[in-house]
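# Survey of secondary and tertiary structure
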Amino acid sequence: MITVRLLLLDACLAIAVAGALGLEALNRVTRPPLWQLTIVAVLVLLLLRRRFPLVTLLAMAVLAWFEPTAQLAMVFTLYTVAALRGPKWPTAVAVGADLVLAFATYRPGDLQDWEIVGFVLALTLLLPLLAGLWMHQRAVLVDALHDRADQAERTRDLLAERAVTAERRRIAREMHDVVAHRVSIVALQAGALSVRAPDEETARLAEVIRESSAAALTELRDILRVLREEENEPKALPSPTLDGVAQLAGDLAAAGADVDTEVPDPLPQVPEKVGRAAYRIVQEALTNAAKHAPGAPIRVRLALDTGKLVVEVANALGASAGLPGAGYGVIGMRERVTLAGGALRVGPDGSGDYVVRAVFPLAGGA
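A short tour of the structure in this document, coming up. Residue positions within a chain follow its written sequence, with the count starting from 1. Reporting in this predicted model follows two pLDDT cut-offs: at least 70 for local features of residues, and 80 or more for side-chain atom pairs to be given and counted; totals over whole chains, interfaces and linings ignore these cut-offs and use all residues. Excluded from the side-chain calculation are hydrogens and water; included are all heavy atoms of the structure.

## Quick notes on the overall build of the chain
When helices and strands are tallied, the chain shows 10 helices and five strands. The buried share of the chain, taken over its 366 residues, is 33%. Under the scheme used here, helices are H or I runs from DSSP no shorter than 4 residues and strands are E runs no shorter than 2 residues, and both carry numbers assigned from the N terminus. For each residue, the accessible area found with a 1.4 Å probe, counting protein chains only, is set against the maximum for its type, and the residue is called buried under 20%, exposed over 50%, and partly exposed in between.

Quick look at the structure:
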């Protein structure tokens, strides 16, 4: 591929060589006929030498047969043929044409003449030939190194993809064997309790537990299907939206928690990633409130504020329920909010409440 840099380099070289030939012709006592046309032809051939290297050299040889001063330009043309074609027949043809022209021009007689011819051939034939072959081999080596680097990168990506697939399958197995088993037991026990409950309130709470466990198993099956998906682009999970926030609060209230929900009616139209992030923020915040402050009142609020969606979950500080926590809840919420382009603030508000507040910008307003 001929770049702009090479074109500029060829133009400068052609002008320099043509200028040297012109000065040499002007310094002669008897100037050759049509020497201006010869210089123009040399200039054009030097500019075309990369696109048609062998044809350019043969044309230059014919021109040098009638005007020996054009042999200076053949040095660069021979270098180009050797650099672009390498040790192949075009280079051999170019060397043969250069040799024929050299012996036809000088016609050596005695030993001294042969020494002069040998010196001239070393400068005008051997030196550009070796330099061109060296550049050709260098280009071949660089291309080979690029191919090896590309192959190594493709191999690395393939190994990484296999490692990711293996890890996804391992996670799927662990989730199926451990989490799904435990949640199934909870659902079965809750179902049995709802049937044998001594009173109506216990039966209602057991039924809430059973429904929540069944919903968790459904979501878990969706996750396992995605993790075990063999296609390059696995099917996406059903995306939760703002419509599910009220259901989250309702489920927790049905389990006996004091939950006050405030959502706009109708719900605003938000981007999918914002709706999903808001749903997960409320879900995690409600879980943390039930875990760390059982029995404390919980407030869930969704509101629009100057083209932004505000999601806020607050609960009074209380004693922990003793449930284990991994410590990744706040980290996960912050990651979700950041990916959706929002901001998150978590912590006590100074008035005895623990507040989770996320603000999401809405493109183009609500």
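Picking up where we left off.
## Examining the pairing of strand S4 (residues 343-348)
When S4 meets strand S5 (residues 353-361), the two strands line up antiparallel, connected through six bridges. Among the inter-strand pairings, Leu344 is bridged to a residue of S5, identified as Ala358. Here S4 folds back onto S5 in antiparallel fashion, the turn holding four residues, of which Gly350 has a positive phi close to 90°. DSSP calls a pair of strands paired once it identifies at least 2 bridges connecting them.

## Notes on the side chain of Thr77
Structurally, Thr77 is set in helix H4 (residues 71-85). Given a relative accessible area of 0%, Thr77 falls into the buried group. Any two residues having at least one pair of non-hydrogen atoms within 4.5 Å are treated as being in contact. Discounting residues that sit within four places of it in the chain, Thr77 has contacts with Leu46, Pro53, Thr56, Leu57 and Met60.

## Some words on the sheet that holds S4
Taken in spatial order, the five strands make up an open sheet running S1-S2-S3-S5-S4, and their pairing is mixed. The strands lining the two open edges of the sheet, one partner per strand, are strand S1 (259-262) and S4. The sheet shows a mean angle of 10° between the axes of neighbouring strands, taken without regard to direction. Across seven bridges, the pairing between strand S2 (residues 298-304) and strand S3 (residues 308-316) is antiparallel. Each residue of the ladder has a partner; that of Leu304, found in S3, is Leu309. Sitting on the sheet, helix H8 (residues 245-254) touches S1 and S2, and the angle it makes with S1 is about 165°. Axis definition: a line fitted to C-alpha atoms, limited for helices to the stretch in contact. Angles are taken between N-to-C directions and run from 0 to 180 degrees. Sitting on the sheet, helix H10 (residues 329-339) touches S4 and S5, and the angle it makes with S4 is about 155°.

## Side note on the pairing of S2
Along any regular strand, the residues point their side chains to alternate faces of the sheet. Bridge analysis of S1 against S2 gives four bridges, and the strand direction is parallel. Residue pairing for S2: Glu262 is matched across the bridge by Arg301. In this region the chain leaves S1, passes through helix H9 (residues 272-292) and returns to the parallel neighbour S2; the handedness of that crossover is left-handed. Hairpin connection of S2 to S3: three residues between the antiparallel strands, including Thr306 at a positive phi of 50°. A clockwise course of the path from the first strand over the helix to the second, judged with the strands pointing away from the viewer, identifies a crossover as right-handed.

## Digging into a nonpolar patch on the surface
Patch membership needs two things, relative accessible area over 30% and no salt bridge, and members are linked within 9 Å if like-charged or within 5 Å if nonpolar (Val, Leu, Ile, Met, Phe, Trp, Tyr). Note on areas: Shrake-Rupley, 1.4 Å probe, and residue coverage restricted to the protein chains presented here. Throughout this description, the term salt bridge denotes a Lys or Arg side-chain nitrogen within 4 Å of a carboxyl oxygen of Asp or Glu. A surface patch of nonpolar side chains, amounting to about 510 Å² of accessible area, comprises Val40, Val44, Leu47, Leu48, Phe52 and Val55. No other element matches the three residues that helix H2 (residues 35-47) contributes to the nonpolar patch.

## Focus on the pattern of salt bridges
Two side chains with opposite charge may pair up if their charged atoms get near one another. A full pass over the atoms with the stated rule returns seven salt bridges. Where Glu167 meets Arg170, a salt bridge forms, and the shortest distance between an N and an O atom there is 2.6 Å. Pair noted here: Glu167 and Arg170 are both in helix H6 (residues 111-196), with a separation of three residues, about one helical turn. With relative accessibility at 37%, the residue Arg170 sits in the partly exposed group. For Arg276, the salt bridge is made with Glu272, and the minimal N-O distance between the two is 3.6 Å. One end of the pair, Arg276, and the other, Glu272, are both in helix H9, four residues apart, so they sit about a helical turn from each other. Arg276 gets classed as partly exposed once you look at its relative accessible area, which sits at 29%.

## Observations regarding the packing of H8 against H9
Across the interface, H8 lies against H9 with an axial gap of 9 Å and an inter-helix angle of 15°. What the angle tells us is that H8 and H9 run roughly parallel. The handedness of the crossing between H8 and H9 comes out as right-handed. In contact with Val245, Leu248, Ala249 and Leu252 of H8, H9 contributes Tyr279, Val282, Gln283, Leu286 and Ala290. Charged means Asp, Glu, Lys or Arg here, nonpolar means Ala, Val, Leu, Ile, Met, Phe, Trp, Tyr, Cys or Pro, and polar covers whatever is left, Gly included. A per-class count over the contact of H8 with H9 returns eight nonpolar, one polar and no charged. Any angle that falls under 35 degrees is termed roughly parallel, while one over 145 is termed roughly antiparallel, one within 65 to 115 roughly perpendicular, and all others oblique. In a left-handed crossing the near helix is turned counterclockwise from the far helix by less than a right angle, and in a right-handed crossing that turn is clockwise.

## Examining the side chain of Glu312
Structurally, Glu312 can be placed in strand S3. Whenever a nitrogen or oxygen atom comes within 3.5 Å of another N or O atom, the pair is scored as a polar contact, on the condition that within protein one atom can donate a hydrogen and the other can accept it, and that pairs from neighbouring residues in sequence are kept only if both atoms are in side chains. There is a polar contact of 3.3 Å between the side chain of Glu312 and the side chain of Arg357.

## Notes on H8
Residues of H8 that are buried include every one of Val245, Leu248, Ala249 and Leu252, and no others. Buried residues along H8 cover an arc of 90° about the axis, so they all sit on one side. Close packing links the buried residues of H8 with S1, H9 and S2. Positioned one or two residues after H8, Gly256 has a phi angle of 110°, which is positive. Directions from the helix axis toward the C-beta atoms define the arc.

Spatial relationships are all this shows, so hold off on functional conclusions.
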